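A look at the structure
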Amino acid sequence: MTESSPFVSICIPAYDRPHTLIELLNSIDETLSNDIEVVICEDKSPNRDLIRDSINSFKKNGSLKIRYYENEENLGYDSNLRELIKESSGEYIIFMGDDDRFIKENLGIFIGFLKSNNQLGYILKSYIQNYQNGLKENFYYFGETTFFPKGIDSYKLLFRRSVLISGFCFKREYSLPFLISDFDGTLLFQLYLLAEICINHPSAYFHTPLTAISKHKRHKPMFGSSEKEKAFYTPGDITIENSINFMKGFFKISDFIDNKYKADSSAFFRTEISKYSYPVLAVQRKDGINNFIKYNKRLRKEIEINSTFYYYIYFIALIVFGEKFCDFVIISIKKILGKTPRL
């Protein structure tokens, strides 16, 4: 990093969401402009012209350094993340979905933490999820900011907790040897980076919430438009096939890591995901009980994450009470405990 280079690159894979993209840019604290650059790679979406115009207008009225790129073809989510890494220049990268936002007052605190601990390769953030009914769910994974040594154990501890792209932070230099295309179409390239970085470098969990997401916005995904994603995802919907393929991608990465490092992480993750399988199950509850039961059968047969009784508790509760009530119970438990319970 040169003297004039930014410390952090906020990297945004943009696709067809001009309005929420501007909301995200507005959530960045402009008093941090000397430390930040924003890198946007637009992936040839139908609203490319509107996205371009919106960004140009935003740049005229703000002080943020924004570098905007347009892919010549639709690369897909995973490949676009690699483009962002290549185009960025910061010591650290923070990935953000184009429909998420920062908690503005906490971004400077997070950057200060990075500057004080710039030996870290990956930093797991905490975040807030907002629901349409006004409920807020805090995702605190540990009771306080925590540091982890490099190695397989840290990878196994942080992998499942790091699926969400919002606020995904890592040291750019440490990612450069691993910009491979093996996992294109999984929508989980960031998890492969996490695995390699955590195995080879120290990592941490940062307890102050960095980002906020809206759950209802995530019910209309854009994935499946690129050639590499078409076989796995249907744009604008979350079908059973989409959900099954997403879980298969998760274990494609862990199997790769197991073969490379002689580890046993896939077996470990099947048990761990079973304990915390509520979101994996709940994603298909909204389309009715028959659809939900069909999905459950495929999960048990193809993914094999039904190894603990927690899986069946979630399954039965979702059938009997539905997703909204179960969400309320889980949020209430987290509020009482002050963090996600360890099962």
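What this report covers is the structure whose coordinates are included nearby. (Residues numbered from 1 in each chain as written. Predicted model: local features only at pLDDT ≥ 70, side-chain atom pairs only at ≥ 80, totals over all residues. Heavy atoms only, no water.)

1. Looking at the overall build of the protein chain
- Along the backbone of the protein chain there are 13 helices and 10 strands.
- The C-alpha radius of gyration computed for the protein chain amounts to 19 Å, which stays within 12% of the reference 20 Å derived for 343 residues, consistent with globular compactness.
- Viewed in the frame of its principal axes, the protein chain has a C-alpha envelope of about 55 × 45 × 40 Å.
- Taken over 343 residues, the protein chain has a buried fraction of 57%.
- Considering only intrachain contacts with a sequence separation of at least 6, the fraction spanning at least 24 residues in the protein chain is 78%.
- Of the roughly 14900 Å² of accessible surface on the protein chain, a fraction of 53% belongs to carbon and sulfur atoms.
- Between the averaged position of the 45 positive side-chain charges in the protein chain and that of its 42 negative side-chain charges there is a distance of 5 Å. (Helix = DSSP H or I, 4+ residues; strand = E, 2+ residues; numbered from the N terminus. Rg over C-alpha atoms; globule rule 2.2 N^0.38 Å. Buried < 20%, exposed > 50% of the residue type's maximum accessible area, 1.4 Å probe, protein only. Contact = heavy atoms within 4.5 Å. Areas by Shrake-Rupley, 256 points an atom, 1.4 Å probe, with all protein chains shown as cover. Lys, Arg positive; Asp, Glu negative; His and termini not counted. Charge placed at Lys NZ, Arg CZ, Asp CG, Glu CD.)

2. Description of helix α12 (residues 309-321)
- With 13 residues, α12 should reach 18 Å at 1.5 Å per residue; the first-to-last C-alpha distance of 18 Å fits that figure.
- The complete set of buried residues in α12 reads Y311, Y314, F315, A317 and L318. Summarising the axial view, the buried residues of α12 lie within an arc of 170 degrees, below the 170-degree limit, and thus occupy one face. Of the exposed residues in α12, those oriented more than 90 degrees away from the buried face are F309, I316, V320 and F321.
- The inward-facing, buried residues of α12 abut α9 (265-275), α10 (278-282), α11 (289-303) and α13 (323-337).
- Of the residues one or two after α12, G322 is the one with positive phi, at around 85 degrees. (Expected span 1.5 Å × (residues − 1). Arc of directions from axis to C-beta.)

3. Quick notes on the pattern of salt bridges
- The full count for this structure, using the stated rule, is 20 salt bridges.
- Here R48 makes a salt bridge to E70, at a shortest N to O gap of 3.9 Å. Within this pair, whereas R48 is found in helix α2 (residues 48-61), its partner E70 is found in strand β3 (residues 65-70), the two being separated by 22 residues in sequence.
- Look at R48 and you get buried, because its relative accessible area is 14%.
- A relative accessible area of 29% places E70 in the partly exposed class.
- A salt bridge links R82 to D184; the nearest nitrogen and oxygen atoms lie 2.7 Å apart. (Salt bridge = Lys/Arg side-chain N within 4 Å of Asp/Glu carboxyl O.)

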